[in-house]
Amino acid sequence: MKSLLDSVLVKEFMTRTQVSVEAQQSLHLADALMSARGLQHLPVVDIDNNLLGLVSHRDIVAAELGTARNEVQSAPEREFVRDEPEQQDLLRPVASIMTSDVVTLTTDMTAKVAIGHLLRSRYGFAPVLEGMSLVGVLTEDDILRFCIGYFRSSPLVIADIMTRELVTAKGDTSLLEATAKMEQESIRHLLVADASGHLQGVVSQRDVLMLQRSVSEAKAGVWSIAQLASKNAWTTTTNTLVTDAAQTLIDNHFGCLPVVEKKHLLGIVTLSDFLRAVLSDDARRSPPERFIAPCAAYVRDNICRVAPEQSIARAFQCFSQYQTPTLLVVEGDQAVGILSHKDVLEAMHASVDTESLLASPLANLMSRDLVRISGNRNVGEAAMLLTQKRVHQVVVELDHEAPSLLGTSEILQAVQDRRLQTSLREIMTGVIFSIDAQESIASARRYLRQAELSGLIVHDGNWPIGIFGQPEALASLSDEERRPVEEAMCARIICLPPDLPISRAAQQAEALGARHIIVQDGGETIGLATATDFAGLLASMNS
């Protein structure tokens, strides 16, 4: 079975973007675009959107500084200060300074391969291609979010991943010396510490370049980094969870976090540390432990077991009391059948004597064709059975305990534990069935029965407001059938964007008790995802 990093593709967690610059456009435009969008990198493309290279904010500043230095050298008698970049610098085409040797990724590249490429790159950023065409980018924030998802249930702390071999400088180090040191050590952040090893601040390569952009070379040679270092630099501690530290980096747009205990500098954590931690963890476990958890770990605690001789009327009470669509029928410690909402609903439609039906034993309606699995088998195998047999429940046979059920709701929990980054778009059903809120309950029941659907989306105009499924059809049997369906629908729905990772979608659906996820893009309903769709993905990964 594939490991998590071999199962997740770049397209599942990249940023789809059209923010790029053409090669012949000016540095001024690239600089303005990056400033307006808060970007540090821009892909450079031709008129057909084929990737040609990459330009960074540091590249633009460095290009300006090259011209500024020449001007200082030709006029040593005056101090050169430039508050605004010279026009001749910024009117140059982007192609004149772009980097052509760029690490690129493809949409179908696995996370493991992508992380390996990023670790060999000098950027925390990579364009994503389909053929030669630019379709997206992988940013530092995208990567950190992936790391948060990967380590969500992990006790890993910063002490486990931080870099302990530090490159530091004293506060009286000049800007030019600091620049040379960062280039020599191939680092983007320089820690400023005193003789006792106490952190005094952090200086980034960007900080230095931005200051050099507006001061003379002579002044840069004497200006100390103590004047530039952030005195109130954010820090972290050795026992901080890796996920919390990554979120801090995202929320504050930091490139690093110094690790400090009792004011003493112990280490630093950057994007590279997170990437190496993911690769190291993935190598230790294949497949991830949570995914191979036995079915016994997921069976329900509130399972409702009934005897075959009990009445259909009793089944109605159990459906309501346990808020469950399925009852497990047992004789002693043996499962002999399953009774669902659908079974009862179909019987009520066919019956001409409702009172006799309610008084009859549920053994008359229950399904005896059970799909069984041992509690020691893994959840992925259960998901495979659910999809292959086209059932919503499998009977889990437990050692020394009464049998239980594992269904699509338990699959949602497994998806969360598996931390799957697959998008909703990739598992949703694009063909959806809907009904206007003012149509009758009778019409809704007829659609369900004739089309063999599990549920209809109820719309008010273009907006989804609920679901009418088998449980609602059953609960409304005694209602006036001409009443509008909105009066009998379930309003517990959830509308989510198509590119949301399914682990997040499963978490929200479970928290809200929603059986169906309506997928919307720009206010338009484009699909429907159910727990069955989640099970199908787990089944495909288990094959």
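Cut-offs used in this document
- Residues numbered from 1 in each chain as written.
- Predicted model: local features only at pLDDT ≥ 70, side-chain atom pairs only at ≥ 80, totals over all residues.
- Heavy atoms only, no water.
- Helix = DSSP H or I, 4+ residues; strand = E, 2+ residues; numbered from the N terminus.
- Contact = heavy atoms within 4.5 Å.
- Areas by Shrake-Rupley, 256 points an atom, 1.4 Å probe, with all protein chains shown as cover.
- Buried < 20%, exposed > 50% of the residue type's maximum accessible area, 1.4 Å probe, protein only.
- Salt bridge = Lys/Arg side-chain N within 4 Å of Asp/Glu carboxyl O.
- Pairing = 2+ DSSP bridges.
- Axes fitted to C-alpha atoms, helices over the stretch in contact; angles between N-to-C directions.
- Arc of directions from axis to C-beta.
- Core = buried A, V, L, I, M, F, W, Y, C linked by side-chain atoms within 4.5 Å.
- Parallel < 35°, antiparallel > 145°, perpendicular 65-115°, else oblique.
- Left-handed = near helix turned anticlockwise from the far one by under 90°.
- pLDDT = per-residue confidence, 0-100.
- Phe/Tyr/Trp six-rings, centres within 6.5 Å; stacked < 30°, edge-to-face > 60°.

## Quick notes on the overall build of the chain
Along its length, the chain carries 20 helices and 23 strands. Sequence separation of at least 24 residues holds for 64% of the intrachain contacts in the chain that already meet a minimum separation of 6. As displayed, the chain offers around 25300 Å² of accessible surface, 47% of which is attributable to carbon and sulfur atoms.

## Overview of the side chain of Ser340
Within the secondary structure layout, Ser340 lies in strand β14 (residues 334-340). Ser340 sits in the buried class, given a relative accessible area of 18%. The residues contacting Ser340, other than those within four sequence positions of it, are Phe319, Pro325 and Thr326.

## Section: the pattern of salt bridges
Applying the stated criterion across every chain yields a total of 8 salt bridges. One salt bridge in this structure joins Arg188 and Glu140, with 3.7 Å as the shortest N-O distance. Placement of Arg188 in the loop between α7 (175-185) and β8 (189-193) and of Glu140 in helix α6 (residues 140-150) is noted, with a sequence separation of 48 residues between them. You can call Arg188 partly exposed: its relative accessible area is 28%.

## Describing the sheet that holds strand β23 (residues 524-530)
Strand pairing in a sheet is mediated by backbone hydrogen bonds. Such pairs are either parallel or antiparallel. The 3 strands are arranged β21-β22-β23 in an open sheet whose pairing can be described as mixed. The sheet is open, and its two edges are formed by β21 (494-496) and β23, each paired on a single side. Across the sheet, the mean angle from the axis of one strand to that of its neighbour is 35°, orientation sign disregarded. In this sheet, β23 lies alongside strand β22 (residues 516-521) in antiparallel orientation, the contact comprising 6 bridges. Residue pairing in the sheet places Val519 in a bridge with Gly527 of β23. Helix-sheet contacts for helix α19 (residues 502-512) involve β21 and β22, and the interaxial angle to β21 is about 165°.

## Section: helix α2 (residues 27-37)
Within the sequence span of α2, burial applies to Leu27, Ala30, Asp31 and Met34. Buried positions in α2, seen along its axis, are confined to an arc of 100° and lie on one side of it. Turned more than 90 degrees from where α2 packs its buried face, Ala36 and Arg37 sit exposed. A positive phi of about 70° marks Gly38, the residue just after α2.

## Points about the pairing of β23
β23 sits mainly inside the fold: 5 of its 7 residues count as buried. A loop of 2 residues connects β22 with β23, the two strands running antiparallel in sequence, and Gly522 in this loop sits at a positive phi of about 60°.

## Looking at the pairing of strand β20 (residues 463-469)
When you tally the buried positions in β20, you get 5 out of 7 residues, the bulk of the element. As defined by bridge partners, strand β19 (residues 455-460) adjoins β20 across 6 bridges and the pair is classed as antiparallel. Counterpart to Gly455 in the pairing with β20 is Gly469. As consecutive antiparallel partners, β19 and β20 are separated by 2 residues, and within that stretch Gly461 has a phi angle of approximately 70°, a positive value.

## What about the environment of Ala178?
Within the element layout of this structure, Ala178 appears in helix α7. Through-space distance from the C-alpha of Ala178 to that of Ser224 is 8.9 Å; in sequence the pair is 46 residues apart. Ignoring anything within four residues of it in the chain, the contact list for Ala178 reads Thr173, Leu190 and Ile225.

## Considerations on helix α12 (residues 312-322)
Within α12, burial applies to Ile312, Ala315, Cys318 and Phe319. Angularly, the buried residues of α12 cover 105° about the axis, an arc narrow enough to put them on a single face. With its phi angle positive at about 50°, Gln323 sits one or two positions after the end of α12.

## Some words on the nonpolar core
Counting 41 residues, the largest nonpolar core has Ile411, Leu424, Ile517 and Phe534 as the members making the most contacts within it. Of all the secondary-structure elements, those providing two or more residues to this core are α15 (379-388), β16 (393-397), α16 (408-418), β21, α19, β22 and α20 (531-542). Considering each element in turn, this core owes the most residues, 7 residues, to α20. Once residues within four sequence positions are removed from consideration, Phe534 is found in contact with Ile411, Leu412, Val415, Leu424, Ile427, Ile502, Ala505, Ala506, Ile517 and Ala529. The next biggest cluster of nonpolar side chains, apart from the first, holds 40 residues, and it includes Leu4, Leu118, Ile148 and Phe151.

## Topic: the packing of α12 against helix α13 (residues 341-350)
Where α12 meets α13, the closest approach of the two axes is 11 Å, and the angle between their N-to-C directions is 135°. Between α12 and α13, the angle falls in the class oblique. For the crossing formed where α12 meets α13, the hand is left-handed. Between α12 and α13, the contacting residues are Ile312, Phe316 and Phe319 on the first element and His341, Val344 and Met348 on the second.

## A short note on the sheet that holds β16
Sheet architecture is open: 3 strands sit in the order β15-β16-β17, paired in mixed fashion. The outermost strands of the open sheet, each flanked by one partner alone, are β15 (372-374) and β17 (404-407). Averaged over all adjacent pairs, the angle separating strand axes in this sheet is 40°, with direction ignored. Bridge count for β16 against β17 is 4 bridges, and the pairing is antiparallel. Across the sheet, Val394 pairs through a bridge with Leu406, a residue of β17.

## Focus: the confidence of the model for the chain
When pLDDT is averaged along the chain, the result is 80, and 86% of the positions lie at 70 or above. Counting interchain partners and residues more than four positions distant, the pLDDT-below-50 stretch residues 67-87 has 27 contacts.

## Describing the packing of aromatic side chains
The tally for this structure, following the rule as stated, stands at 4 aromatic pairs. Here a set of aromatic residues connected by ring pairs shows up, and it is made of Phe13, Phe146, Tyr150 and Phe151.

## What about the environment of Leu398?
By secondary structure assignment, the location of Leu398 is in the loop between β16 and β17. Its relative accessible area of 17% is what places Leu398 among the buried residues. Taking the C-alpha atoms as reference points, Leu398 and Cys295, separated by 103 residues in sequence, lie 9.3 Å from one another.

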